[in-house]
Structure formats: structure tokens, C-alpha cells
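Chain by chain, the residues:
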Amino acid sequence: MPLGIRDSVGSQRRMAPNSKFAGPTKSAVRFKAVRRVARRVALTVLVLVLSTSLIEHYLEGRAFRRLTASETFVPVRGSQIRYRTLGTTQTGSTVVFINGLVGSLEQWDLVQRDVADFAPTVTYDRGGFGFSQGSSAHSARDQADELSAVLTALNVDQPVVLVGFSYSASIARIFVSRHHEQVAGVVLYAPYLAEYEGTGLFEPGPLRRYARLLTNETVTTFLGVRRAIATVRQWRSAGDKSPLDERVDEILLRFPSWWALDHEWASTSETRKDVLEASPLGDTPLIAIAGSPRDGGKYRSALERLGSQSRHASLRALPPTDHGELLTDEKARGALVEAIGDVGAWTR
């Protein structure tokens, strides 16, 4: 081969790797393969998420229809609010129970039955919790307005005795400020006090610890993981559940309940601001039943400041009981029922 031709061929071979006509490199081939696998994995995960969420939505609907067939609902502002009345033949002010955090009207079952022996009572699923549907009331102010609309829809036209438990004390206080004419008296049981907690969405404080819980419960209920675990546990357990326990368990498996709680938690800063700006209780009778945390008297001081807002206030000691058992422990429940009776007597 002539020298010129050999030099030309060699030059082309040396230039081939950098030529636009060169084939793909090994790294490019590996990248494309990894990208194909990633796409397939992402598509598989998406299909699984959609499938499990659709199955969960179906199971939620089926359980809802079965467990609420005999329940009562009232339409309020485009939503359906579940409620229960007992003691309707009694006289005096109607006692309205406001659920605590993560609670439904079942939370008050024992207390409502006790109080219904001497007063008409109402419990309801507030803010989209429990089996209520379509509620957009998430802040305490919105839930106070929702309660006012519920009472109007139920034809409760006389002032009521409000009973707030734990976090729902904020709703009761704002209700007094915004709908004073509908309130005869207030009982706050182990109340959350915005003045004491001093906590907003991103401020340090007790409510911040709920972030991880809410994230976990929202995701696992949306995907049906919690329901699957509960089903396996039920298969392994012996005995049938009572209708009350079955409703309570189902509510904790429902994504809508946790989604509503997410919105309420996100409204913490707004709720705290509204509580601190609320009008004083004035002539509204108040009984507050609370423990004494070891905090140097800060909680007690905040409670006394709240009591000073009312011209007729009584601060009572809470029997030593775990917070989660306050509505089931007989002694603690008895103290609450007695306080409700006392406020009712003051308003007559």
C-alpha cells in the first residue's frame, strides 16, 4: 500500500473515537440501561400506589356504609356532619361535647350517657373527623362557626353548655367569643392552653411532636397499610368487637380523618392567634378541671389567668389519671360529670 494511503487510513482510525459516526461508549450504554430500569421501577411503584389507594378507597366506602347505616347526619354548609343526641326529654341547657384531638363522638360515649340522665346532650364529629364528610372547617375559628351552624340545623335555639376536652378547649373559647349569645356556660377538661403552650407550627412545643405521627398515619392509611395490619391482627385475635369499638377502630383506619387532622395541625398558629385575641369570658360561667404538671406552676398560672376572665369561675383538681384514660376512668369521669351538672345548675 502506498505510503500516502496508509497514512490516511491510520489517521481515520485514530480519529474514529472522536468522530460523530462513532458508536455509543460503555458508560452511555450503562446510563441508558439504568434509566430504563428506573423508569420501570417508577412505573411499577406508581401502579402499586394507585392500586392500593383505590382498594383502600373502596374498603373505606364499604365500611362507612355498613357502620353508619343507623347513624344520624345533618347537612351543614355543603358537608354532612354526624351527630348523636341523648336525653332529649330532659330540661335545662343542652350540653354540647367537643371532641379532643384525633377523637370522634365515640370519645364521649360513657360521659354522654351519664350526663343524659339529667340534661339533653349533643355530640358530633367536628372538622371532618370521624364519619363526617366534606367539612372544610380546620382552624378553631372555622370549627366554632361550624358548631354554631350545627346547633342551628338541629334547632337548638337556647344557650348551651360547652364541654371542651384537651385541644378542643380552644374551639370552646373561640365559640364563646364569636357566638356569645349561644353559650350558657363552659366546662374545660384537661384543657390545652395556648397561653401556656406558646406553640405554633414550627415553634418548639408539644404539638410539634405530632408531625411524625401525622405523616406516618396519613401515608399508611392512604395506602391501606394500616387496614391490612389491622385485618391480620383481627384474624389472629379471638372474640367479636362491640359496635362502639368497631366504629372507633374504623375511624383510625380512615384516611379522611387523618387528612382533616393534618389540616387542623397546620392551622395551629392561626388557632393560637385567635385564642389569644378572643374576648374574655365575662359573664359566662366556667369550670376548668386540670392536673398540675411539674413545670414550676406555669400551667396553673395560665389557668388562673383564664379563670379571672369569668365572673363565675371554678378551678378544680383533676384526679391523677393518664391523659388517654380521662374519659374512661370512673373517678375522673365522675369529676367531669359533676362539673357539668354544676354549670347547668348555675345557668338555671
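Notes on the structure follow. Please read these numbers as outputs of a predicted model, since none were measured by experiment. (Residues numbered from 1 in each chain as written. Predicted model: local features only at pLDDT ≥ 70, side-chain atom pairs only at ≥ 80, totals over all residues. Heavy atoms only, no water.)

**As for the overall build of the protein chain**
Alright, step 1. For the protein chain, the count of helices and strands is 13 helices and 8 strands.
Alright, step 2. The 348 residues of the protein chain split such that 44% are buried.
Alright, step 3. If you sum the accessible surface of the protein chain, you get close to 18800 Å²; carbon and sulfur atoms cover 55% of it. (Helix = DSSP H or I, 4+ residues; strand = E, 2+ residues; numbered from the N terminus. Buried < 20%, exposed > 50% of the residue type's maximum accessible area, 1.4 Å probe, protein only. Areas by Shrake-Rupley, 256 points an atom, 1.4 Å probe, with all protein chains shown as cover.)

**Some details on the pattern of salt bridges**
Alright, step 1. Summed over all chains, the structure comprises 21 salt bridges.
Alright, step 2. Taking the shortest distance from any N to any O, the salt bridge between R126 and E264 comes out at 2.5 Å. Pair noted here: R126 is in the loop between β4 (121-124) and α4 (140-153) and E264 is in helix α10 (residues 255-266), with a separation of 138 residues, a long-range link. Taken individually, R126 and E264 each receive the classification buried, so the pair is uniform in this respect.
Alright, step 3. R141 serves as the salt-bridge partner of E270, at 2.6 Å between the closest nitrogen and oxygen. Of the two residues, E270 is situated in helix α11 (residues 268-276) and R141 in helix α4; the sequence distance between them amounts to 129 residues.
Alright, step 4. Classification of R141 as partly exposed rests on a relative accessible area of 25%.
Alright, step 5. Each member of the salt-bridge network shares a partner with another, and the members are E71, R82, R84, E106, D125 and R247. (Salt bridge = Lys/Arg side-chain N within 4 Å of Asp/Glu carboxyl O.)

**Considering the packing of helix α8 (residues 225-236) against helix α9 (residues 243-253)**
Alright, step 1. Orientation of α8 relative to α9, taken along the N-to-C sense of each, is 145°, at an axis distance of 9 Å. Across from R226, R227 and A230 in α8, the residues of α9 making contact are E250, L252 and L253.
Alright, step 2. Broken down by class, the residue content of the contact of α8 with α9 amounts to 3 nonpolar, no polar and 3 charged. (Axes fitted to C-alpha atoms, helices over the stretch in contact; angles between N-to-C directions. Contact = heavy atoms within 4.5 Å. Nonpolar A, V, L, I, M, F, W, Y, C, P; charged D, E, K, R; others polar.)

**Focus: the sheet that holds strand β5 (residues 160-165)**
Alright, step 1. What the 8 strands build is an open sheet, ordered β1-β2-β4-β3-β5-β6-β7-β8; its pairing is mixed. Edge positions in the sheet fall to β1 (72-76) and β8 (313-317), since each of these pairs with one other strand and no more. Going across the sheet, the axis of each strand differs from the next one's by a mean of 25°, ignoring polarity.
Alright, step 2. Alignment of β1 against strand β2 (residues 79-86), held across 5 bridges, turns out to be antiparallel. The residue of β2 that forms the bridge with F73 is R82.
Alright, step 3. Packing against the sheet, α4 makes contact with β1, β2, β3 (95-98), β4 and β5, and its axis sits at approximately 115° to β1. (Pairing = 2+ DSSP bridges.)

**With respect to the packing of aromatic side chains**
Alright, step 1. Throughout the structure, instances matching the rule amount to 9 aromatic pairs.
Alright, step 2. Every member of this aromatic cluster is reached through a ring pair, and the members are F97, W108, F165 and Y189. (Phe/Tyr/Trp six-rings, centres within 6.5 Å; stacked < 30°, edge-to-face > 60°.)

**Points about the pairing of β8**
Alright, step 1. Direction of pairing for strand β7 (residues 286-290) relative to β8: parallel, over a ladder of 5 bridges. For L286, the partnering residue across the bridge sits in β8 and is A313.
Alright, step 2. At this point the chain moves from β7, through helix α12 (residues 298-307), to the parallel β8, and the crossover so formed is right-handed. (Right-handed = clockwise from strand over helix to strand, strands pointing away.)

**Here's the deal with helix α2 (residues 26-67)**
Alright, step 1. The first and last C-alpha atoms of α2 sit 61 Å apart over 42 residues, in line with the 62 Å expected at 1.5 Å per residue.
Alright, step 2. Among the residues of α2, S53, E56, E60, G61, A63, F64 and L67 are the ones counted as buried.
Alright, step 3. Each element contacted by the buried residues of α2 is listed here: β1, α7 (210-222), α8, α9 and α10. (Expected span 1.5 Å × (residues − 1).)

**Concerning the pairing of β3**
Alright, step 1. What you see with β3 is no split at all: V95 and F97 on one side and V96 and I98 on the other are buried throughout.
Alright, step 2. Sheet topology places β3 next to β4; 3 bridges connect them, and they run parallel. Paired with V95 across the strands is T121, a residue of β4.
Alright, step 3. Taking the sense of rotation as the criterion, the β-α-β connection linking β3, helix α3 (residues 109-115) and β4 turns out right-handed.
Alright, step 4. For β3 and β5, the ladder comprises 4 bridges, and the chain directions are parallel. Among the inter-strand pairings, V95 is bridged to a residue of β5, identified as V161.

**Notes on the packing of α7 against α10**
Alright, step 1. For the pair α7 and α10, the least separation of the axes is 9 Å and the interaxial angle reads 150°. One element, α7, and the other, α10, form an angle in the roughly antiparallel class. In this structure, the crossing between α7 and α10 has a hand that is left-handed. Mapping the contact onto sequence places Y210, A211, L214, E217, T218, T221 and F222 in α7 and F255, W258, W259, L261, D262 and W265 in α10.
Alright, step 2. Taken together, the residues of the contact of α7 with α10 break down into 9 nonpolar, 2 polar and 2 charged. (Parallel < 35°, antiparallel > 145°, perpendicular 65-115°, else oblique. Left-handed = near helix turned anticlockwise from the far one by under 90°.)

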